[in-house]
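Listed below are the residues making up each chain.
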Amino acid sequence: MVKDIWIKDVQNGVYDGQEVTLMGWIKRTRGSNKIRFVVLRDSTGTIQCVGKRDVLGDEVFENLKESLIESSVHIHGTVRADERAEGGHELDIDGFTVIGPVDPERPFPITESAMQTEDEEGNIVWGGSEFLLDQRHLYLRTTRSTTMLKLRSSAFGAIHSYFRNHDFIEYQAPNFVAGAVEGGSTLFEVPYFGRQAYLTQSWQLYAEAAMPALERLYTIAPSFRAEKSRTRRHLTEFWHAEMEMAWSSNDDIMKHGEGVVRSIAKTLLDEREEELTLLERDLDTIARYADSPYPRIRYDEAVETLQGMGVDVEWGQDLDYSKEKVLTQDFDVPHFLTHYPKIAKPFYHRMDPDDEKYVLCHDLLAPEGYGEIIGGGERTWSEKEILKRIEEEGTPKEPYQFYIDVRSYGGVPHGGFGLGVDRVVSWLAGATHIREVIPFPRTSRRVTP
RNA sequence: GCCGAUUUAGCUUAGCUGGUGGAGCGUGGGACUGUUAAUCCCAAGGUCGUGGGUUCGAGCCCCACAAUCGGCGCCA
């Protein structure tokens, strides 16, 4: 019983006038004593199927009436174009079989009323109730969720294609690690045969080790951060697209950051126009993200702009979300922020040789209030400089010995970035929360289901 | 880590001044020949998050705890 007929193709008129057997799940039913409408769903779309008592006979018609939402069924019938039906096509049912019934004592729990709630400002929030998060395994079947997951798939595909088309090698780093990339307070601890291990926060350090071997490398892998962040853009387990490139400057890295994000936007337009429309995304806006160059602003300019707007910010502070948000309000495309003060960034960022107060780094900020989606830059690549930076920051040398070794044997200028894939999908999809774009979101308060 | 809020039927929620808890969806029964979240009639379904307190009387007032949501910090 291999399935070879897809609802999308039926709606596209491929089977007009033909007898077919459709396989799927009942999304909704309605009707009268003589006629029954069954909206059938599969992974590709929905179609209204029509059952009439005088065609089916009393017994079959009653069975059809009794089939509840999310029952899996085979429905046999003839395809017909019909303006009255959503999608433009209909199936006249002449027989059907329930494959997996649903017990009326325990009907499918997700009803229309559960799908949307409002936050305190009256904005619609999708799938955010405790109930829907508890029922996540069933929520995945809803149109909203399916749409998001399709966009996500296209985004992953776009990232792989972009890097492979630019001669990057896909490379995997371990997820169990012994030390921190970032500050260290946000590591998940894992018991490891009597020792302490951690879940990785980033692929970067291990990528730098392979950089002299592969020169251009990338990955898409989960990263873990034990941050108790309660925001619409944080997950404790998120999908991190990272790249590392030998013989490159901060500018070279930014070109690829811009390239991959624009390529994701382009791919969504090419592959998922229908889904974007369903989410009421403005296609011209997405096209602008795909086609426009992304401007670059130095940290100093950003701080001056903010100060000019009356925002309380001092030079040397990292720019937190509240400030990013103010900055991005006037943006209609993503912007790079570059050249942060050295004191605001960790040691692996390379100092700007033109002015050692700054480091050669960049963040890419998405518009519409979505904020940071990329963080990257040129690495401190010479042995001499890395030792100096580690000492300046008072970082212990021991855990980073392998990182230093990489520089002791033929270090070269190099750099890379990390892109939050879930954040990018969330932004391009116009999601109300990052958990909308990942099947089973992991946050500080939830590891189930 | 900090701040704010919520918790009433399977779900979404109303509940006035403290005085015997209403509705919509879903489910069950019935009606209806083309519906679009179909419609109409009927029914079942509630120890009002947990524990304590105030009161003649608590869904409502007070305290504690819990779960969840949102915002901030931190970041991708």
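Residues numbered from 1 in each chain as written. Chains lettered and ligands numbered in written order. Predicted model: local features only at pLDDT ≥ 70, side-chain atom pairs only at ≥ 80, totals over all residues. Heavy atoms only, no water.

### Here's the deal with the side chain of arginine 136
Within the fold, arginine 136 resides in helix α6 (residues 136-139). Despite its burial, arginine 136 remains without a salt bridge, the nearest opposite charge being carried by glutamate 436 at 7.1 Å. Once residues lying within four places of it in the same chain are set aside, the contact partners of arginine 136 are Gly127, Arg435, Glu436, Ile438, Pro439, Phe440, Pro441 and Pro449. (Helix = DSSP H or I, 4+ residues; strand = E, 2+ residues; numbered from the N terminus. Buried < 20%, exposed > 50% of the residue type's maximum accessible area, 1.4 Å probe, protein only. Lys, Arg positive; Asp, Glu negative; His and termini not counted. Salt bridge = Lys/Arg side-chain N within 4 Å of Asp/Glu carboxyl O. Contact = heavy atoms within 4.5 Å.)

### Here's the deal with the sheet that holds strand β15 (residues 335-338)
Read across the sheet, 8 strands follow the order β8-β12-β13-β20-β19-β18-β15-β14 without closing on themselves; strand pairing throughout is mixed. The strands lining the two open edges of the sheet, one partner per strand, are β8 (169-170) and β14 (296-298). Pairing of β15 with strand β18 (residues 361-366) involves 4 bridges; the strand directions are antiparallel. Note that in β18 the partner of threonine 338 across the bridge is histidine 362. Contacts from helix α9 (residues 250-271) reach β12 (216-224), β13 (237-246), β14, β15, β18, β19 (371-378) and β20 (414-420), with the element oriented near 30° to β20. (Pairing = 2+ DSSP bridges. Axes fitted to C-alpha atoms, helices over the stretch in contact; angles between N-to-C directions.)

### What to know about the pattern of salt bridges
If charged atoms from side chains of opposite charge come close, those side chains can pair. One pass over the structure, following the stated rule, counts 31 salt bridges. A salt bridge links glutamate 90 to arginine 80; its shortest N-O distance comes to 2.7 Å. Of the two residues, glutamate 90 sits in strand β5 (residues 89-100) while arginine 80 sits in strand β4 (residues 72-81), which places them 10 residues apart along the sequence. Given a relative accessible area of 4%, glutamate 90 falls into the buried group.

### Here's the deal with the protein's contact with RNA strand B
Taken together, 54 residues are adjacent to RNA strand B, and Arg30, Glu90, Ser229, Arg232 and Arg423 come closest. Across the atoms of RNA strand B situated within 4 Å of the protein, the share located in sugar and phosphate is 49%. Within the side chain of lysine 228, a nitrogen or oxygen atom sits 3.0 Å from a phosphate oxygen of RNA strand B. Between RNA strand B and serine 322 there is a distance of 3.3 Å, counted from a phosphate oxygen to a backbone nitrogen or oxygen. (Near = heavy atom within 4 Å. Polar contact = N/O pair within 3.5 Å; in protein donor to acceptor, adjacent residues only side chain to side chain.)

### A short note on unusual backbone geometry
Between threonine 448 and the following residue, proline 449, the backbone shows a cis peptide bond with an omega angle of -5°. The phi angle at glutamate 215 is positive, at roughly 70°, despite the residue not being glycine. Note on glutamate 215: relative accessible area 38%, which makes it partly exposed. Positive phi, normally seen in glycine, also occurs at tryptophan 247, with a value near 55°. Relative to the elements of secondary structure, tryptophan 247 occurs in the loop between β13 and α9.

### With respect to helix α11 (residues 283-291)
Looking at α11, one finds that the buried residues are Thr285, Ile286, Tyr289 and Ala290. The buried residues of α11 all sit within an arc of 145° when viewed along its axis, so they share a single face. Looking at the packing, one finds that the buried side of α11 touches α9, α10 (273-278) and α16 (421-429). (Arc of directions from axis to C-beta.)

### Thoughts on the packing of aromatic side chains
Considering all chains together, one arrives at 16 aromatic pairs under this definition. Between tyrosine 171 and tryptophan 203 the ring centres are 6.0 Å apart and the planes differ by 70°, which places this aromatic pair in the edge-to-face class. Placement of the pair is tyrosine 171 in the loop between β8 and β9 (176-177) and tryptophan 203 in the loop between β11 (195-199) and α8 (204-214), with a sequence separation of 32 residues. Judged by its relative accessible area of 4%, tryptophan 203 falls in the buried class. Measuring from ring centre to ring centre gives 5.9 Å for tryptophan 315 and tyrosine 358, while their planes differ by 85°; the resulting arrangement is edge-to-face. In this pair, tryptophan 315 sits in the loop between α12 (299-308) and α13 (321-328) while tyrosine 358 sits in strand β17 (residues 355-359), placing the two residues 43 residues apart along the sequence. (Phe/Tyr/Trp six-rings, centres within 6.5 Å; stacked < 30°, edge-to-face > 60°.)

The quantities given are spatial measurements derived from coordinates; they are silent on function.
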